[in-house]
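These are the residues of each chain, in order.
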Amino acid sequence: MPHPANRRIALTIVSAGILASGLAGCDSASPEAIAEHPRQVTVVGNGQVQGVPDTLTADVSVEFTATDVTTAMNQTNDRQKAVISALVAGGIEAKDISTTQVSVQPQYDVSSTNTVIVGFEAGNSIRVKIRKLDQASQALATIVTAGGNAARINSVSYSIEDDSNLMANARALAFHDAEDRARQYAGLSGLTLGKVMSISEAAGSTPPPAAPMPMRGGVAAASEVPLQPGEQTVSFAVTAVWELS
């Protein structure tokens, strides 16, 4: 019968043999594991193109204050009608003029210890899309002239009406940028760039911010407003995954 110490040595040798065979099994399974999870590289490519805006949008309002709400509202309505009529007569299509807000608010006597209403302020806001930029300066002057002291030009912003070509160019630049990055990483790692596994994109148009124009109308005819459209940037970001071999 084997001595107890000898049995312990035998068990240790057997255990070591099982561990070694297990490690050998893991090594032999590696190709299958790699086949199930191929080597990949994930990169982000960016593309930007510039274009000249061809459309100006102006946010315009008319405001009147009167001692009673009816008078304030009627004066505002009449003056805004005059502004809209003048714009249409100047070549702006009616479909490019839209009402964005109608409001009426009480005005209080802040010097009084009691809450006393001393009048009402009525407002009517419209958004004007000017598709011919050579008409933009005159259109803004028309708004101020027709609206008088009640006219408010709150902001203007530029945009590109049809930016599909710019978007396509930015998308192509973003993909080529991603492909160049992936090819470089493949070369640095001693591998070859394979097929595309997936592509996802994020589009972003970054036009110049709306320019605030706190202008108020006057009695005399207003001169043309100096405007400069500048450029608009259309950008794309593409995330792509390539297989490496």
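In this report, the structure presented in the accompanying data block is examined. Just so you know, these numbers come straight off a predicted model, no measurement behind them.

What counts, and where the lines are drawn
The written sequence of each chain sets the order in which its residues are numbered from 1. Only residues with pLDDT of at least 70 get local features here, since the model is predicted, and only at 80 or more are side-chain atom pairs given and counted; chain-wide, interface and lining totals rely on the full set of residues. Processing note: side-chain calculations cover all non-hydrogen atoms of the structure and skip hydrogens and water entirely. Comment: elements are numbered from the N terminus, with helices defined as DSSP H or I runs of at least four residues and strands as E runs of at least two. Buried, partly exposed and exposed residues are distinguished by accessible area as a fraction of the type maximum, computed with a 1.4 Å probe on protein chains only: under 20%, between the cut-offs, and over 50%, respectively. Pairs of residues are marked as contacts when any of their non-hydrogen atoms sit within 4.5 Å. The accessible surface values rely on the Shrake-Rupley method and a 1.4 Å probe; as for residues, cover is taken only from the protein chains in view. Here the expected span of a helix is defined as 1.5 Å times the quantity of residues minus one. Think of a nonpolar core as a cluster: buried Ala, Val, Leu, Ile, Met, Phe, Trp, Tyr and Cys residues, connected wherever their side-chain atoms sit within 4.5 Å. Salt bridges are defined by distance alone: a side-chain nitrogen of Lys or Arg within 4 Å of a carboxyl oxygen of Asp or Glu. Each C-beta atom gives one direction from the helix axis, and the arc is the one those directions make. Should DSSP find at least two bridges between two strands, the strands are regarded as paired.

Brief notes about the overall build of the protein chain
Inference 1: Within the protein chain, the regular secondary structure consists of four helices and eight strands.
Inference 2: The linear arrangement of helices and strands in the protein chain, starting from the amino end, is α-β-β-α-β-β-α-β-α-β-β-β.
Inference 3: Looking at the protein chain as a whole, 29% of its 245 residues qualify as buried.
Inference 4: Of the contacts made within the protein chain by residues no fewer than 6 positions apart, 84% connect residues no fewer than 24 positions apart.
Inference 5: In the form shown here, the protein chain has an accessible surface area of approximately 14700 Å², with 55% of it arising from carbon and sulfur atoms.

Re helix α3 (residues 136-147)
Inference 1: Compared with an ideal rise of 1.5 Å per residue, which puts twelve residues at 16 Å, α3 spans 16 Å between its outermost C-alpha atoms and is within 8% of the ideal.
Inference 2: For α3, a buried count of nine out of twelve residues is recorded, marking the element as mostly surrounded by other parts of the structure.
Inference 3: Considered for burial, the residues of α3 that qualify are Ala136, Ser137, Ala139, Leu140, Ala141, Thr142, Ile143, Val144 and Gly147.
Inference 4: Once α3 ends, the next one or two residues include Gly148, with phi positive near 65°.

Quick look at the nonpolar core
Inference 1: Leu56, Leu87, Ile126, Val128, Ile130, Leu140 and Ile143 are the most contacted members of the largest nonpolar core, which totals 22 residues.
Inference 2: For this core, the secondary structure elements donating two or more residues are β2 (55-66), α2 (69-89), β4 (117-130), α3 and β5 (151-159).
Inference 3: Ignoring any residue separated from it by four or fewer positions in sequence, one finds Leu87 in contact with Ile92, Ile97, Ile126, Val128, Ala139, Thr142 and Ile143.

Overview of the pattern of salt bridges
Inference 1: For the structure on display, the rule yields nine salt bridges.
Inference 2: Two residues, Asp96 and Arg131, come together in a salt bridge whose shortest N-O distance is 2.8 Å. Of this pair, Asp96 sits in the loop between α2 and β3 (97-108) while Arg131 sits in the loop between β4 and α3, and the two are 35 residues apart along the sequence.
Inference 3: Across the pair Arg171 and Glu201 runs a salt bridge whose closest N-O atoms are separated by 3.2 Å. Highlighted residues: Arg171 in helix α4 (residues 164-188) and Glu201 in strand β6 (residues 193-206), separated in sequence by 30 residues.
Inference 4: Classification of Arg171 as partly exposed rests on a relative accessible area of 35%.
Inference 5: We classify Glu201 as partly exposed; its relative accessible area is 48%.
Inference 6: Counted as one network, the salt bridges with shared partners bring together Glu93, Lys95, Asp96, Arg131 and Glu161.

Looking at α2
Inference 1: The end-to-end C-alpha distance of α2, which contains 21 residues, comes to 30 Å, matching closely the 30 Å that a straight helix rising 1.5 Å per residue would cover.
Inference 2: Restricting attention to buried positions, one finds in α2 the residues Ala72, Thr76, Gln80, Val83 and Leu87. Across the axial projection of α2, the buried residues extend over an arc of 55°, all falling on one side. Of the exposed residues in α2, those oriented more than 90 degrees away from the buried face are Asp78, Lys81 and Ala89.
Inference 3: On its buried face, α2 sits against β2, β3, β4 and α3.

Things to note about the pairing of β2
Inference 1: Taking burial as the measure, the twelve residues of β2 include nine buried ones, the bulk of the element.
Inference 2: Of the pairings in the sheet, the one linking β2 to β5 comprises eight bridges and is antiparallel in character. Across the sheet, the residue bridging to Leu56 is Tyr158, located in β5.
Inference 3: Note: β2 against β4, eleven bridges, orientation antiparallel. Bridging from a neighbouring strand, Val62 pairs with Asn124 of β4.

Side note on the environment of Lys195
Inference 1: One can find Lys195 in strand β6.
Inference 2: Since its relative accessible area comes to 56%, Lys195 is described here as exposed.
Inference 3: As a C-alpha pair, Lys195 and Glu243 span 48 residues in sequence and 5.5 Å in three-dimensional space.

Examining the environment of Ala86
Inference 1: Residue position: Ala86 is located in helix α2.
Inference 2: The partly exposed category is assigned to Ala86, whose relative accessible area is 24%.
Inference 3: Here the alpha-carbon distance between Ala86 and Gly147, two residues 61 residues apart in the chain, equals 9.6 Å.
Inference 4: Among residues more than four places away in sequence, those in contact with Ala86 are Thr142 and Ala146.

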